[in-house]
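Structure at a glance
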Amino acid sequence: MELSGLQIFKDLPAAKKAEHTNCKTCGFPTCMSFALKLAKGGVSPDACPFMPEDLREKVSHALKISQKTIKIQDIKIGGENVLFRHEKTFINPTALCILLDCDDRNFKEKLNRITDFEIKFLNKTKKVDLIVLKNSEHISTPPVNNRTISFEEFKKLPLTILEDKEFEKTAQKLKFIREKAVKEKDENYSNPVCVHFMSGGNSIQNFENLTAKASFYLCKYANMLLFEDFNEEMFASLMMLRENIFTDPQKPLKVEPKIYEFNGGDENALIFLTTNFALTFFAVAAELEKLNRPSYLIVTPADGMSVLTAWSAEKFTAKMVVKTLKDYDLASKVKTRKIIIPGLLAHMKKELDAEIQASNLDFEIVIGTIDACDIADFVKQF
Ligand code: SF4
């Protein structure tokens, strides 16, 4: 368990109005400033000779690392310090890796499928994280589009490797190791954990089973999954799941505020407007892509809040909309003069029109649909 600065402070001399209050022996002007620094691991508990022994022990335990972080080229795994994502956040996404034998007679074909594979999510391109090459000395040039490592190097990584034989046993072992690391900070269990799925053929049934098991291990508590078989659907599913697990629950998912173009937005394109809340963005973007006509989507900065939340938190105001239109210099990009806003913001039309007029911008606000799925019908009648 982590300790906050306040939790530490309440047992220091200043909080107890005891002798040595703010004595500066630790090098800090007050007990409070020392406590705050200590909570972040920026100073040793030994710097204060007047700290009660039980607090010193608690702090020393809290400052111990739960799980080591290891770096493989530019990916990091491990470093986790909670059992449940909602406690704080999971830190380093589970790496999705493939073990490939360079002596396999279908090596080239398998390798091409793996290196060609990619999916896009939240404007990021996702590929297989790492290809582990067995007998890599038998190939002249390693693949260039993915990270690769030889099996020999892989075996030297400070990883705990679990071979997946029985689901229940593997799941229990993963839980046991993470609990030992997080609750007890037991150094014997501080290595990141890799679950290795041995080759099991390529039947659809196997991949369904494999995807289900791997999904569970990804949530609880594998830091790396190493497969010997590759399947695009399985990797895509795991990557999407991972995107949702390894996010900070305290931070809304957001996209970059800017103008997005669909179907080659041109000067006669339709113009839509929303906030930078990722879920809204992707729902609207999917519909605009399907329209088969050019459109722009103006995404306003709103700290990743949905439209109504942003409006109630004053992150979506008429002034901000006008500023966005000016910042993006929309008037010079399009002849279209109608901006379609989400139906949920219908009550803002008058205010928006007035602010636009007052700013000498030649745009008119049109109330769009409440649900993104109704955009196509709305556009037909527009
Ligand atoms: Fe407070 Fe201890 Fe620092 Fe003195 S040495 S100021 S008692 S924290």
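Quick caveat: nothing in here was measured; it's all calculated off a predicted structure.

Calculation notes
- Residues numbered from 1 in each chain as written.
- Predicted model: local features only at pLDDT ≥ 70, side-chain atom pairs only at ≥ 80, totals over all residues.
- Heavy atoms only, no water.
- 1 Å grid on protein atoms, 1.4 Å probe; cavity = no way out; pocket = protein on both sides within 12 Å on 5 of 7 lines; lining within 4 Å.
- Points joined across faces, edges and corners; volume = space filled by probe spheres on them.
- Nonpolar A, V, L, I, M, F, W, Y, C, P; charged D, E, K, R; others polar.
- Near = heavy atom within 4 Å.
- Sits in = over half its atoms within 2 Å of the grid points.
- Core = buried A, V, L, I, M, F, W, Y, C linked by side-chain atoms within 4.5 Å.
- Buried < 20%, exposed > 50% of the residue type's maximum accessible area, 1.4 Å probe, protein only.
- Helix = DSSP H or I, 4+ residues; strand = E, 2+ residues; numbered from the N terminus.
- Contact = heavy atoms within 4.5 Å.
- Pairing = 2+ DSSP bridges.
- Domains from an automatic or database assignment.
- Axes fitted to C-alpha atoms, helices over the stretch in contact; angles between N-to-C directions.
- Expected span 1.5 Å × (residues − 1).

What about empty space enclosed by the protein?
Scanning the entire structure with this criterion turns up two cavities of 30 Å³ or more. Of the volumes computed, that of the largest cavity is approximately 90 Å³. Lining the largest cavity are 14 residues, with His20, Cys23, Cys26, Cys31 and Cys48 sitting closest to its centre. Grouping the amino acids of the lining of the largest cavity by side-chain chemistry returns nine nonpolar, four polar and one charged.

Observations concerning the site of the ligand
The ligand sits among Pro13, His20, Asn22, Cys23, Lys24, Thr25, Cys26, Cys31, Phe34, Cys48 and Phe50. When atoms are counted within 2 Å of each cavity's grid points, the one that captures over half of the ligand is the largest cavity. Residue composition of the shell around the ligand, grouped by class: seven nonpolar, three polar and one charged.

Quick word on the nonpolar core
The nonpolar side chains of soluble globular proteins are, as a tendency, buried together. If you look at the biggest cluster of nonpolar residues, it comprises 36 residues, and the most contacted ones within it are Leu225, Phe227 and Phe235. Of all the secondary-structure elements, those providing two or more residues to this core are β3 (95-101), α5 (107-116), β6 (130-134), α7 (167-184), β9 (193-197), α8 (204-219), β10 (224-227) and α9 (232-245). The contact partners of Phe235, leaving out residues within four places of it in the chain, are Leu96, Cys97, Ile98, Phe117, Val128, Phe227 and Phe230. In terms of nonpolar packing, the next biggest core, distinct from the first, is built from 26 residues, Ile271, Ala302, Leu352 and Phe363 among them.

Description of unusual backbone geometry
Following Lys220, the chain continues into Tyr221 via a peptide bond in cis, with omega recorded as -5°. Turning to its location among the elements, Tyr221 is positioned in the loop between α8 and β10. Here Asp303, not a glycine, exhibits a phi torsion of approximately 55°, which is positive. Tracing the backbone through its elements, the reader meets Asp303 in the loop between β13 (295-300) and α11 (307-312).

Side note on the pairing of strand β2 (residues 75-78)
In regular strands, side chains alternate between the two faces of the sheet. Where strand β1 (residues 69-72) and β2 come together, four bridges link them in antiparallel fashion. Within β2, the residue paired with Ile72 across the bridge is Ile75. Hairpin remark: β1 followed by β2, antiparallel, with two residues in the connecting loop; positive phi at Gln73, about 50°.

Some remarks on the domain arrangement of the protein chain
We note that the domain assignment places domain 1 (5-62), domain 2 (69-245) and domain 3 (259-381) within the protein chain. For domain 1 versus domain 2, the separation of C-alpha centres amounts to 41 Å.

A short note on the sheet that holds β6
The parallel open sheet is built from six strands, whose spatial order is β7-β6-β3-β10-β9-β8. The sheet is open, and its two borders are formed by β7 (148-150) and β8 (160-163), each paired with just one other strand. Sheet twist, expressed as the mean angle between neighbouring strand axes with direction ignored, is 25°. The pairing of β3 with β10 spans four bridges and is parallel. Paired with Ile98 across the bridge in β10 is Phe227. The sheet strands contacting α5 are β3 and β6, and the helix crosses β3 at an angle near 165°. Of the strands in this sheet, β3 and β10 touch α9, which is tilted by about 155° from β3.

Looking at helix α10 (residues 278-290)
For an α-helix, 3.6 residues make a turn, and residues three or four places apart therefore share a direction. Compared with an ideal rise of 1.5 Å per residue, which puts 13 residues at 18 Å, α10 spans 18 Å between its outermost C-alpha atoms and is within 8% of the ideal. Residues Ala278, Thr280, Phe281, Val284, Ala285, Glu287 and Leu288 constitute the buried set of α10. Phi for Asn292, located one or two positions after α10, is positive at around 60°.

Re the layout of surface pockets
For the largest pocket, the calculated volume is near 600 Å³. What lines the largest pocket is a set of 30 residues, and nearest its centre among them are Pro93, Lys124, Lys126, Glu243 and Phe246. Here the second largest pocket defines a volume of roughly 450 Å³. Taken together, 23 residues line the second largest pocket, and the ones lying closest to its centre are Glu2, Ala62, Ser66, Asn81 and Lys185. When contributions to the lining of the second largest pocket are tallied by element, the ones reaching two or more residues are α3 (31-39) and α4 (53-63). For the lining of the second largest pocket, the element with the most residues is α4, which contributes three residues. Across the lining of the second largest pocket, the residue classes break down as eleven nonpolar, five polar and seven charged. Here the lining of the second largest pocket spans two domains, and each of domain 1 (5-62) and domain 2 (69-245) adds at least three residues to it.

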